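Single-letter residue listing:
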Amino acid sequence: MIKKRKDIDQVVTTADFHKERLSTGQKIGVINLGCARNLVDSQEILGRLKKSGHRIVDMAHADVAIVNTCSFVADAKKESIDTIIELLELKKQGKLKKVIVAGCLAQRYGKELAEELQGIDAIVGTPSFLKNDVVDQVYLTPKHFAYVKICESCYNRCSFCAIPGIKGKFSSRKIESVLEEVKRLDKAGVKEINLIGQDITAYGVDLYREKSLARLLREMVKVTDNIQWIRLLYAFPAHVTDDLIEVMANEPKICKYIDMPLQHISDNLLLSMNRGITTEKTKKLINDMRQRIPAGSLRTTFIVGMPGETEENFEELRQYVRETRFEKMGVFVYSREEGTEAFDMAGQVSEQIKKKRLNILMREQQSISHDVQQSFVGRKLKVLIDEKEDGSEGIYLGRSEYDAPDVDGSVFVHTKRVLKSGDFVNVRITDALEYDLVGHEE
Ligand code: SF4
């Protein structure tokens, strides 16, 4: 139990914002840090506060600031702490009345935050809103796309990851509840849904005793008219089923895109990371997906410098990246997180070697990304318009199904027509930049 400091209203382990001691009618602003999963939590927090009679405003006009923090790795923690300090400074200057800290960092280090940072009014942990009632969220995304969270916490126990410890037991949302939210969004004119969760491929194992993502996707397709893209974010390789590949390959509304962190390829590391998959099975899975979804785009991430990673293991990874040619790839250096199994593992790798390996892998991917980008030149893509390019007549920014919002690149669309956010257009690609594409509407 976290100890309560006298000048802090609440230091609790779960958030129940609408019952906080905030007199009604407060002007509330939120700063969301971290991933899209946090964003959905922020949307629900705001939805509940709005229902309780508060006004949701831009941070510039807020009296009460809520910062929804992230503590996934060291950089995320630093960003969260810096943001809290900036908000406390605004409070000192009289520009804010209250500062509330929520999210993973608050959940994990609530006691330390209460002790170290003067002026925080409440510390509330990770909200657990995965109830099956559909809350009217205050959506923080543009009107044409949305994130829908289908499960909370993680079914896995990767040895390097603190998330399951922070978020608690894995739980899926009922199919009916997901469908109700999706139907509402469809009715509201949303065009693209991004399904999220720590591991969406484990969806349903708790509720239905079997992996049920493919079933959910088929049901979603049936109830949507406006929504033309359904995108899968955060798959766990050991849980990808044949049925899921089947529905991805054959259902036009499911984007031919998947974000599936592999983390490593060496058997030794996959074992010590507790990933539940071998080198051979990983390779087979990627080959199957490539064969059955030939025009697909696979985003993955790897971790370098995990305890025990030898030069040989790293070379194996480098070789795999070179051969497999992932369309999109990110690399993280291993971050030693308290409370994880890997924290005490022997063979911790020096920061210098970690950085060196990261740079080598990123360089390897650079030329692959260049070729991938060039391969789009001359192709016709269906593009969803996000916004007008600032200050440029006849140029809009959009994305193809191969680009997730906020993570991947954009398509610069040249057109003589006036377009609006949420329009779909056909674009002939004429040029490829490092991350973005350029094309003309046809
Ligand atoms: S899949 Fe592994 S790395 Fe990802 S959230 Fe779950 S435990 Fe953490």
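Draft legend 1. Spotlight on the domain arrangement of the protein. When cut into domains, the protein gives domain 1 (10-123), domain 2 (145-374) and domain 3 (380-441). One C-alpha centre belongs to domain 1, the other to domain 3, and the line joining them spans 34 Å.

Draft legend 2. Seen up close, the sheet that holds strand β16 (residues 395-399). Ordered in space as β15-β16-β17-β19-β18, the five strands form a closed barrel in which the pairing is mixed. Within the sheet, the average angular offset between the axes of one strand and its neighbour, ignoring direction, is 50°. Where strand β15 (residues 380-388) and strand β18 (residues 424-432) come together, five bridges link them in antiparallel fashion. Its bridge partner lying in β18, L381 is registered against V427.

Draft legend 3. Structural detail: the site of the ligand. The ligand sits among C154, N156, R157, C158, C161, I163, P164, Q198, D199 and F236. Of the residues assigned to the shell around the ligand, the class counts are six nonpolar, two polar and two charged.

Draft legend 4. View of the packing of helix α6 (residues 213-223) against helix α7 (residues 242-250). The contact between α6 and α7 brings their axes to 8 Å, and the two run at 25°. Considering their axes alone, α6 and α7 lie roughly parallel with respect to each other. Residues L213, A214, L217 and R218 of α6 form the contact with α7, whose participating residues are D243, L244 and V247. Classifying every residue of the contact of α6 with α7 by side-chain character gives five nonpolar, no polar and two charged.

Draft legend 5. Geometry of helix α5 (residues 175-187). The terminal C-alpha atoms of α5 lie 18 Å apart, and with 13 residues this matches the ideal 18 Å at 1.5 Å per residue to within 8%. Turning to α5, its buried residues number three or more, namely V178, V182 and L185. All buried residues of α5 fall inside an arc of 60° around its axis, so they share one side. Exposed residues on α5 whose side chains face more than 90 degrees from its buried face are E176 and K187. Looking at the buried positions of α5, the neighbouring elements they touch are β7 (145-149), β10 (192-196) and α6. Phi turns positive, to about 95°, at G189, one or two residues after α5.

How each quantity is defined
Residues numbered from 1 in each chain as written. Predicted model: local features only at pLDDT ≥ 70, side-chain atom pairs only at ≥ 80, totals over all residues. Domains from an automatic or database assignment. Pairing = 2+ DSSP bridges. Helix = DSSP H or I, 4+ residues; strand = E, 2+ residues; numbered from the N terminus. Axes fitted to C-alpha atoms, helices over the stretch in contact; angles between N-to-C directions. Near = placed C-beta within 6 Å. Nonpolar A, V, L, I, M, F, W, Y, C, P; charged D, E, K, R; others polar. Parallel < 35°, antiparallel > 145°, perpendicular 65-115°, else oblique. Contact = placed C-beta atoms within 7 Å. Expected span 1.5 Å × (residues − 1). Buried ≥ 20, exposed ≤ 12 C-beta atoms within 10 Å, placed from the backbone. Arc of directions from axis to C-beta.

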